Amino acid sequence: TEVIGLEVWYGCVRQFGLEVFGTDVLDMLITHHTVIISKTMPGLSSGTIIAAVPLCYVIICPISAWMLDRWSTKNILLASTGFVSAVTFSFALADRIKNNLLYVIVTTIMRLLQGICGGIIDVVVFSMTAKMFPQNLALTTAIVESSLNTALATAPFVGAVLYEGTSFAMAFVAPAATIFLVFVSAIFGAAKINCKRDSRGSTSRSMITVLTDPLIVFPAWHCGFSNLLANYFIPILAVYTDTQFGKGAVFAGTLLLINSVGVILISPILGYLMDKFNPYIFFLISAVTFPITYFFLGPAPFLQGWVPPSVTQLTVALGICGIDLPLACYPSLIIMLDIYKERYGRIPQSVQNFITSLYVAAFPFGACIGVFLSGAVAEHLSFAQSTGVMAIIAVVESVFLFMYCLAVLRLKAENASDRENMERLNLIHSNTYKSPNSICLPS
């Protein structure tokens, strides 16, 4: 069983990492190619096409949980993977569309389809790992996320090499072929895991219970807010490094790579520690470190007399941001499941699937808002000022996080007291009503 579990697990890692690798290559290529063929609205065109994917992720994740409740996990995984491969291959033919409006419409539709399938794959993979490794959920989540960040870090470079070294078409055929190999491996790797709902409880009632319980939903919010912070500086970093240090997009890309490497290297270590120790501790640590890191990212104007802007200062701050993100996000799924069990007892599979979908949706939701805010705020504030404002907002959010942890502590204390009282009553009941056979009669 352990061998089968490991095979399925590594199949999930390959599935998730390579699928994201295949689709993430598209973002950079589509942006560049759209600018080439578009003469009237290049920014709007590429932005519309790329933004379609995270938007679909947010919408499709809860629907994916509904699908997992009813259909075969393996069939869902195979169908979504095969469809992603076919759509990615179709992008190779988009080069033949010369009309700008038609190009934008077709490629946006294909990206929407990719986003739908990508969201389904994410929910399936995390639901499978949550069911397979409930005692090592943080570690397995960290490994899956590391595969994602490895893909995000390497895909733009590989995509550029394929695009410039071969052709537009080959840059999509190669990822499509890679995803097809993952599709073949998933045929043999995902056969033993089924995340269908069990007989306990109503799915719709369970979803309402989860969504209306702030103690369950707040960790997903914190995960989304942390992703907002992690993505906020990405659109404005290249402009800032160019104006502040005279270093352009290549240098900014290197800094983002350092940020991603920080996430990749630290994630498995943090995941292991979260499984061994109280995950709420890491939640609280992120509430302190993320705002501090953001204050030094600019740095904030009131800190510049002490810490002047420099390449070293910016590099270190971005590297620490890469550590702050897993600190904030990876405990979230564990805590959401823990709170449900603390509130309502044993967790049905349908509820676990739905909670997992909320966790997965928090990542693109936060990223979308972060990128949008970045562009809106950057028009009025400098890099140092805008990151300082976000740091202040992060402090406010951290106050709510501390209040949340106090509420959880109170809940656990009340439940422990109730269990202790129940055990005491059961003991009194058993001593009062002994079996007649245990009574000693005089001889």
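Our subject is the structure that appears above.
Our subject in this report is the structure included herewith. (Residues numbered from 1 in each chain as written. Predicted model: local features only at pLDDT ≥ 70, side-chain atom pairs only at ≥ 80, totals over all residues. Heavy atoms only, no water.)

**Focus on the overall build of the chain**
Within the chain one finds 14 helices and zero strands. Of all 443 residues assigned to the chain, the portion counted as buried reaches 50%. Split by element, the accessible area of the chain, about 20,500 Å² in all, is 70% carbon and sulfur. (Helix = DSSP H or I, 4+ residues; strand = E, 2+ residues; numbered from the N terminus. Buried < 20%, exposed > 50% of the residue type's maximum accessible area, 1.4 Å probe, protein only. Areas by Shrake-Rupley, 256 points an atom, 1.4 Å probe, with all protein chains shown as cover.)

**Observations regarding the packing of aromatic side chains**
This structure, assessed with the given rule, holds 12 aromatic pairs. With a centroid separation of 5.8 Å and an interplanar angle of 80°, the aromatic rings of Tyr240 and Phe245 are classed as edge-to-face. Here the aromatic cluster, defined as three or more aromatic residues joined through ring pairs, consists of Phe126, Tyr359 and Phe363. (Phe/Tyr/Trp six-rings, centres within 6.5 Å; stacked < 30°, edge-to-face > 60°.)

**Focus on helix H12 (residues 311–344)**
Because an α-helix packs 3.6 residues into every turn, residues spaced three or four apart end up facing the same way. In this model, H12 (34 residues) spans 51 Å end to end at C-alpha, consistent with the 50 Å of a helix rising 1.5 Å per residue. The sharpest bend along H12 reaches about 35° and sits at Ser332. Looking one or two residues beyond H12, the residue adopting positive phi is Gly345, at roughly 90°. (Expected span 1.5 Å × (residues − 1). Bend = angle between axes of the 7 residues up to and from the residue.)

**Some thoughts on the state of the cysteines**
Under the defined criterion, the tally for this structure stands at zero disulfides. Its sulfur unpaired, Cys223 is 3.4 Å from the next cysteine sulfur, which belongs to Cys329. A residue is classified by how much of its surface remains accessible, and Cys223, at 0% relative accessible area, is buried. (Disulfide = S-S within 2.5 Å.)

**Comments concerning the pattern of salt bridges**
Overall, the coordinates contain three salt bridges when judged by the stated rule. Between Arg343 and Asp213 there is a salt bridge, with the nearest N and O atoms lying 3.1 Å from each other. On the criterion of sequence distance, the pair formed by Arg343 in helix H12 and Asp213 in the loop between helix H7 (203–211) and helix H8 (214–232) is long-range, its members being 130 residues apart. Look at Arg343 and you get partly exposed, because its relative accessible area is 38%. The exposure class assigned to Asp213 is buried, which follows from its relative accessible area of 4%. Glu342 is paired through a salt bridge with Lys412; the nearest N and O atoms lie 3.3 Å apart. (Salt bridge = Lys/Arg side-chain N within 4 Å of Asp/Glu carboxyl O.)

**Description of H8**
The end-to-end C-alpha distance of H8, which contains 19 residues, comes to 26 Å, matching closely the 27 Å that a straight helix rising 1.5 Å per residue would cover. For H8, a buried count of 16 out of 19 residues is recorded, marking the element as mostly surrounded by other parts of the structure. Capping the start of H8, Asp213 holds a side-chain oxygen 3.1 Å from the backbone nitrogen of Leu215, two or three residues further along. (Polar contact = N/O pair within 3.5 Å; in protein donor to acceptor, adjacent residues only side chain to side chain.)

**Some details on the nonpolar core**
Soluble globular proteins: nonpolar side chains tend toward being buried together. The biggest cluster of nonpolar side chains holds 68 residues, and the ones touching the most others in it are Val210, Ile339, Ile355, Tyr359 and Tyr404. Here the element with the most residues in this core is H12; it accounts for 11 residues. If we ignore the near neighbours within four places in the chain, the residues touching Ile339 are Leu215, Ile216, Tyr280, Tyr404 and Val408. (Core = buried A, V, L, I, M, F, W, Y, C linked by side-chain atoms within 4.5 Å. Contact = heavy atoms within 4.5 Å.)

**Remarks on the packing of H8 against helix H11 (residues 279–297)**
Orientation of H8 relative to H11, taken along the N-to-C sense of each, is 25°, at an axis distance of 12 Å. Judged by the angle between their axes, H8 and H11 are roughly parallel. When the axes of H8 and H11 are compared, the crossing they make is left-handed. Together, Pro219, His222, Ser226, Leu229, Ala230 and Tyr232 of H8 and Phe283, Ser286, Phe290 and Tyr294 of H11 make up the contact between the two elements. In terms of residue class, the contact of H8 with H11 is built from seven nonpolar, three polar and no charged. (Axes fitted to C-alpha atoms, helices over the stretch in contact; angles between N-to-C directions. Parallel < 35°, antiparallel > 145°, perpendicular 65-115°, else oblique. Left-handed = near helix turned anticlockwise from the far one by under 90°. Nonpolar A, V, L, I, M, F, W, Y, C, P; charged D, E, K, R; others polar.)

**Brief notes about a nonpolar patch on the surface**
A surface patch of nonpolar side chains, about 540 Å² in accessible area, is lined by Ile392, Val395, Val396, Val399, Phe400 and Met403. Checked against the element boundaries, Val399 lands in helix H14 (residues 383–432). We classify Val399 as partly exposed; its relative accessible area is 45%. (Patch = residues over 30% accessible without salt bridge, like charges linked within 9 Å, V, L, I, M, F, W, Y side chains within 5 Å.)

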